[in-house]
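# Reading the structure
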Amino acid sequence: MQVKNVETNVKIFISYSWTSEEFTRWVREEIAERLVGDGVEVVFDQWDLQDGQDVYAFMERAVNDSEISKVLVICDKGYKDKADSRKGGVGTETLIITPNVYQEVTQTKFIPIIAERDSQGKDYVPTYMNGRKYIDMSSSELYVENYEQLLRTIYERPSKRRPKMGKAPSFLFEDEEIENYKLHLLLKQIQLDLSKNQLIAAKSKVIEFKSEFVEVLETFKVDKTEDYERTAQVVEDKIDNMLILKNDFVELLEKIISYDIVSVDLLIEFFEDIHNKYIDIRSQVQGSFIEFQFDQFRFFLREIFIYTCAILLKAERYSLLSDLLYSRFLLYRDFPINGKESRGFEAFDCYLRSLDEVQVKKSGSNFYSYSSEKMMRRSTKKYSPEYLANTDLLLYYLSAINNVGDGRPRPWYPWTYIYSRDTKNEVLQKLESKRHFEKVKDLFDVKNEEELVEKFSKFAGEYEGYQTSYRNRIPTIQDHIDLSKICKYR
């Protein structure tokens, strides 16, 4: 299904309380700045209210501006207290907003955002907004889960829409949706076979799913063009539309992960087939092309590879993960006519010029890696940004400790590492336990703790303090585990 580029002019106003410096920063960075990064024009006092201006006039103009389609009311204890007592700037805004709330026929302009709850879990919605449907962002988990809902509300693109009466479902007439429907049907059939312990039938459908999955990607090719900015935008649109396929892939792997039907050969074939059919296909493109018109497939392949590793880690399928990471992949390089060559998993790590050079400039934000930011926005409650980033970081360590001094290519690069700076990698942390070491030692390709310490020491000598253009270095292994404590405890 081809998604058209639509010019949107969405303008919103944020009403909130300067409850604390920390809360004010959260509103600015996690709400205002992020919305701007997603194309929303934000009227925000920290940016738009200048010294000497009339505060009341600013608020009145912002609330009554016909160009402002939504007013986000950020509800914390400070906001509720001031709104209900009509105190301070919030009290002033309340006097302006209240009549509009009661008079507004459509009831869609004013949106409560729950930023805090009390010790009993009760929200802090001001009295004049009681009964309004809100968006809950009162915890980091709910923020990740509901940010997309906020975007959909602002752009008026709900995830669940009322179907048009008298027309057949659109997936019957749109090729891409037909293919997605087949994938969803196969997922249900696989689940049914597994529930009946019919593993042979389930495995057959998994193989069919793989074939269908690879074919569906055909719809995400980008036509030849010499317009860099247009191509980069189309690539990003394609990536956005591939989210449903990423979710299908994750759902499949989670269904079969605890059964013998998932093998390293199946996983290898998944990645080989996608790479060889869609990434280095330049000889199949007629006429001129832009190098990054295949970036949507590079992004997608790297994303599902990280998710695969994250799922295997969470399920403690360390042996299977080790087989995957130390296997070789037969991949085309540049032109299929040159044949395939054996490469490690590092082949799925690549720089995305379309996003990290062209599109990041259009966003107007200073992202360290725009492609990583996009991947993190597609994360889930189960696979949070921190968990995915720590998986990415572990891939870097595993790649690097086997690259030391042997002239191999640059190791896997952890583009998402900035999301892991405040957390520790549990696989490394738990190496203090001998029992844990025995479970994961294949991951590090060692037989005993002495070999592991030696590998880690060599890594530290070559990669410690590895710098990036970002303001912080990539964490070292010893940021997670003191080498002297490896296997110290039972």
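Structural notes, computed from the coordinates. (Residues numbered from 1 in each chain as written. Predicted model: local features only at pLDDT ≥ 70, side-chain atom pairs only at ≥ 80, totals over all residues. Heavy atoms only, no water.)

## A short note on the overall build of the chain
Formally: Helix and strand definitions follow DSSP, with helices as H or I runs of at least four residues and strands as E runs of at least two, each counted in order from the N terminus. Relative accessibility under 20% of the residue-type maximum defines a buried residue, over 50% an exposed one, and the middle range a partly exposed one, all with a 1.4 Å probe and only protein chains included. We call two residues in contact when some of their heavy atoms are within 4.5 Å. Reported accessibility uses the Shrake-Rupley method at a 1.4 Å probe radius. Residues are deemed covered only where the shown protein chains occlude them.
Helix and strand content of the chain: 19 helices and seven strands. In the chain, which comprises 490 residues, the share counted as buried stands at 50%. Nonlocal contacts in the chain, meaning residues at least 24 apart in sequence, comprise 71% of its contacts between residues at least 6 apart. Total accessible area computed for the chain in this model is approximately 24600 Å², and 47% of it derives from carbon and sulfur atoms.

## Some details on the pattern of salt bridges
Condition: Criterion for a salt bridge: a side-chain nitrogen of Lys or Arg within 4 Å of a carboxyl oxygen of Asp or Glu.
Going through the model one piece at a time under the given rule, you end up with 28 salt bridges. With its nearest N and O atoms 2.9 Å apart, the salt bridge here joins Glu 148 to Arg 152. Of the two residues, Glu 148 and Arg 152 both sit in helix α6 (residues 140-155), four residues apart, roughly one turn of that helix. Among the residues examined, Arg 152 registers a relative accessible area of 28% and is labelled partly exposed. Of the charged contacts in the structure, one is a salt bridge between Lys 458 and Glu 454, with a shortest N-O distance of 3.6 Å.

## Description of the environment of Arg 328
The topology assignment puts Arg 328 in the loop between α13 (318-325) and β6 (329-332). Taking relative accessible area as the criterion, Arg 328 reaches 43% and is therefore assigned partly exposed. Along the sequence, Arg 328 and Glu 341 sit 13 residues apart, while their C-alpha atoms lie 9.3 Å from each other.

## Side note on the pairing of strand β3 (residues 70-75)
What counts here: Two strands make a pair as long as DSSP finds a minimum of two bridges between them.
In terms of burial, β3 is a largely internal element, six of the six residues being buried. Here β3 shows no split at all, with Lys 70, Leu 72 and Ile 74 on one side and Val 71, Val 73 and Cys 75 on the other all buried. With four bridges joining them, strand β1 (residues 11-15) and β3 adopt parallel strand pairing. Paired with Phe 13 across the bridge in β3 is Val 71. Two strands pair when backbone bridges link them, and β3 and strand β4 (residues 110-114) are joined in this way by five bridges, in the parallel orientation. Looking across to β4, one finds that Cys 75 is bridged to Ile 114.

## Points about helix α16 (residues 385-401)
Short version of the rule: The span expected for a helix works out to 1.5 Å for each residue beyond the first.
Along its 17 residues, α16 runs 24 Å from first to last C-alpha, staying within 8% of the 24 Å computed at 1.5 Å per residue. With 15 of its 17 residues buried, α16 lies for the most part within the structure.

## So, the pairing of β4
In terms of burial, β4 is largely enclosed, as five of its five residues are buried. Side chains of β4 alternate between two faces, with Phe 110, Pro 112 and Ile 114 and Ile 111 and Ile 113 buried alike. The pairing of β4 with strand β5 (residues 135-136) spans two bridges and is parallel. Paired with Ile 114 across the two strands is Asp 136, which belongs to β5.

## Thoughts on unusual backbone geometry
The backbone of Asn 197 sits at a positive phi, close to 60 degrees, despite the residue not being glycine. With respect to the helices and strands, Asn 197 occurs in the loop between α7 (175-195) and α8 (199-216). Of note in this structure, Glu 316 is not a glycine but carries a positive phi near 55 degrees. By the secondary structure assignment, Glu 316 is in the loop between α12 (295-314) and α13. The class of Glu 316 is partly exposed, set by a relative accessible area of 44%.

## Looking at the sheet that holds strand β2 (residues 41-43)
Adjacent strands of a sheet pair through backbone hydrogen bonds, lying either parallel or antiparallel. Our working rule: Whenever a helix is involved, its axis is fitted only over the stretch in contact; in every case the axis is a line through C-alpha atoms, and angles between N-to-C directions fall within 0 to 180 degrees.
Across the sheet, five strands lie side by side as β2-β1-β3-β4-β5; this open sheet has parallel pairing. Each of the sheet's edge strands pairs with one partner strand only, and the pair in question is β2 and β5. Docked against the sheet, helix α1 (residues 21-37) engages β1, β2 and β3, running at close to 150 degrees with respect to β3. Sheet strands touched by helix α3 (residues 55-64): β1, β2 and β4. Its angle to β1, the strand with the most contacts, is close to 135 degrees.

## Details of the environment of Phe 456
Note on placement: Phe 456 falls in helix α19 (residues 449-463). For Phe 456, a relative accessible area of 1% gives the class buried. Between the C-alpha atoms of Phe 456 and Phe 444, which are twelve residues apart in sequence, the distance is 9.7 Å. For Phe 456, the contacting residues outside a window of four places in its chain are Ile 401, Leu 428, Leu 431, Phe 444, Ile 477, Leu 483 and Ile 486.

## Concerning a negative patch on the surface
Defined as follows: Within this analysis, patches are made of residues with over 30% relative accessible area and no salt bridge. Like charges are joined at 9 Å or less; nonpolar side chains (Val, Leu, Ile, Met, Phe, Trp, Tyr) at 5 Å or less. Counting rule applied: Lys, Arg positive; Asp, Glu negative; His and chain ends not counted. Note on charges: their place is set at NZ of Lys, CZ of Arg, CG of Asp or CD of Glu.
The grouping of Asp 323, Asp 442, Asp 445, Glu 450 and Glu 451 at the surface amounts to a negative patch. Take Asp 323: it is sitting in helix α13. Using a relative accessible area of 38% as the deciding quantity, one classes Asp 323 as partly exposed.

## With respect to the packing of α12 against α13
Here is the rule: For classification purposes, an angle smaller than 35 degrees is called roughly parallel, one larger than 145 roughly antiparallel, one from 65 to 115 roughly perpendicular, and anything else oblique. Crossing handedness is read from the near helix: turned anticlockwise from the far helix by less than a right angle, it gives a left-handed crossing, and turned clockwise, a right-handed one. Gly is placed with the polar residues, together with every amino acid not listed as nonpolar (Ala, Val, Leu, Ile, Met, Phe, Trp, Tyr, Cys and Pro) or charged (Asp, Glu, Lys and Arg).
It is at 8 Å that the axes of α12 and α13 come closest, and there the two elements cross at 150 degrees. The orientation of α12 relative to α13 falls into the category roughly antiparallel. Helix-helix and strand crossings are classified by hand; for α12 and α13 the assignment is left-handed. Note on element contacts: α13 touches α12 through Tyr 318, Leu 320, Leu 321, Leu 324 and Leu 325, opposite Phe 305, Thr 308, Cys 309, Leu 312 and Leu 313. Within the contact of α12 with α13, the residues separate by chemical class into nine nonpolar, one polar and no charged.

## Examining the side chain of Ser 399
Inspection of the secondary structure assignment puts Ser 399 in helix α16. Apart from the residues lying within four places of it in its own chain, the contact partners of Ser 399 are Phe 345, Glu 346, Pro 411 and Trp 412.

## Some words on the packing of α12 against helix α15 (residues 370-377)
It is the contact of α12 with α15, at a shortest axis distance of 11 Å, that shows an interaxial angle of 50 degrees. It follows from the interaxial angle that α12 and α15 lie oblique. In terms of crossing hand, the pair formed by α12 and α15 is right-handed. Contacts from Phe 299, Arg 302, Glu 303 and Ile 306 of α12 reach α15 at Ser 371, Lys 374 and Met 375. Taken together, the residues of the contact of α12 with α15 break down into three nonpolar, one polar and three charged.

Geometric values such as these leave the question of function open.
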